[in-house]
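Secondary and tertiary structure notes
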Amino acid sequence: MSNVVLLTGGSGGIGRAIIEVLVRKYTVVSFDSSKNEFCHPRLNSVIVDISREQELLEVLKYLRSTYEMPYALINNAGVSEPYPFAQTPLDTWNRQILVNLTAPFILSREFAAYSPSPGFTRKIVNIASVSGMVGMPRYAAYNCSKAGLIALTRTLAIELAPDIHTCAICPGYIRTPMQVAEHSEEKLTACANENPSKRLGKPSEIAELVEFILSGKNAYLNGSIITVDGGETSGGMASKK
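Residues numbered from 1 in each chain as written. Predicted model: local features only at pLDDT ≥ 70, side-chain atom pairs only at ≥ 80, totals over all residues. Heavy atoms only, no water.

**Quick notes on the overall build of the chain**
Helix and strand counts for the chain come out as seven helices and seven strands. When the helices and strands of the chain are listed from N to C terminus, the series reads β-α-β-β-α-β-α-β-α-β-α-α-α-β. Taken over the C-alpha trace, the chain has a radius of gyration of 17 Å; the compact-globule value for 241 residues is 18 Å, and the two agree within 12%. When its C-alpha atoms are laid out on the principal axes, the chain stretches across 50 × 40 × 35 Å. Counting every position in the chain, which comprises 241 residues, the buried fraction comes to 49%. Carbon and sulfur atoms make up 54% of the accessible area of the chain, which amounts to about 11,300 Å² in all. The averaged location of the 22 negative side-chain charges in the chain is 4 Å from the averaged location of its 23 positive side-chain charges. (Helix = DSSP H or I, 4+ residues; strand = E, 2+ residues; numbered from the N terminus. Rg over C-alpha atoms; globule rule 2.2 N^0.38 Å. Buried < 20%, exposed > 50% of the residue type's maximum accessible area, 1.4 Å probe, protein only. Areas by Shrake-Rupley, 256 points an atom, 1.4 Å probe, with all protein chains shown as cover. Lys, Arg positive; Asp, Glu negative; His and termini not counted. Charge placed at Lys NZ, Arg CZ, Asp CG, Glu CD.)

Here you go:
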């Protein structure tokens, strides 16, 4: 069985946590927009702008000639640029759709292009968001990109099985550098206090779920949209933020 895993956004909070967990067992090829500060013999960080199709395809062509058929693809990279809906610039909309939805489409398409191996089920894991499940003001582009990623997950689960199983993970508020940069400490504290679990999530909690999905311990897991938010959306809380 191949042990190569392709991952986007490996230098961010969740991506870094995923790498730290997966390199124990897998060779991880991380698609990063800048140098990945994490070093490990089983990590190959590739600098690429995943919003540019041709650049992405060239890197994939190189990887195809370098590595065996990858076992898993983790579409983790994401950008978030909040704007009031009526003031959202088109380039801001396009950037979020390209990174959060179009790149996963391209990568999943190329990942699926490998010839199936009988008895060997590969994995796609999409890191979506609770923002794709509920409406959140000022995040029209982000919400739509993540909702699209959830829909893509369900479509791939039908079309690519049994050769490839596809799932999505929808994190709530996770304490990552992106969240810290985007929200004040007061806002994050308020979100933690209002959450039924009385805290924010940790990147490692997403990474450990990715590891479980890849482990194959539940080989019937396909098309699942798994929410990891401490109970936040159970009461519709995210839609009020």
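**Some remarks on the pattern of salt bridges**
Under the counting rule described, the total for this entry stands at seven salt bridges. We note a salt bridge from Arg-52 to Asp-49, for which the minimum N-O separation is 3.2 Å. The exposed category is assigned to Arg-52, whose relative accessible area is 53%. The closest approach of N and O atoms between Arg-95 and Asp-49, which form a salt bridge, is 3.7 Å. Here Arg-95 is found in helix α3 (residues 90-112), whereas its partner Asp-49 is found in the loop between β3 (43-47) and α2 (53-66), with 46 residues between them in sequence. Judged by relative accessible area, Arg-95 falls into the partly exposed class, the value being 34%. The exposure class of Asp-49 is partly exposed, given its relative accessible area of 24%. Through salt bridges that share partners, Asp-49, Arg-52 and Arg-95 make up one connected network. (Salt bridge = Lys/Arg side-chain N within 4 Å of Asp/Glu carboxyl O.)

**Structural notes on the nonpolar core**
Ile-18, Leu-22, Ile-74, Val-125, Ile-169, Val-210 and Leu-214 are the most contacted members of the largest nonpolar core, which totals 31 residues. When contributions to this core are tallied by element, the ones reaching two or more residues are β1 (4-8), α1 (13-22), β4 (72-75), β5 (122-127), β6 (164-171) and α7 (203-215). Beyond its immediate sequence surroundings of up to four residues, Leu-22 is in contact with Val-5, Val-28, Ile-74, Val-210, Glu-211 and Leu-214. Counting residues in each nonpolar core, the second largest holds 29 residues, with Val-29, Phe-31, Ile-50 and Leu-160 among its members. (Core = buried A, V, L, I, M, F, W, Y, C linked by side-chain atoms within 4.5 Å. Contact = heavy atoms within 4.5 Å.)

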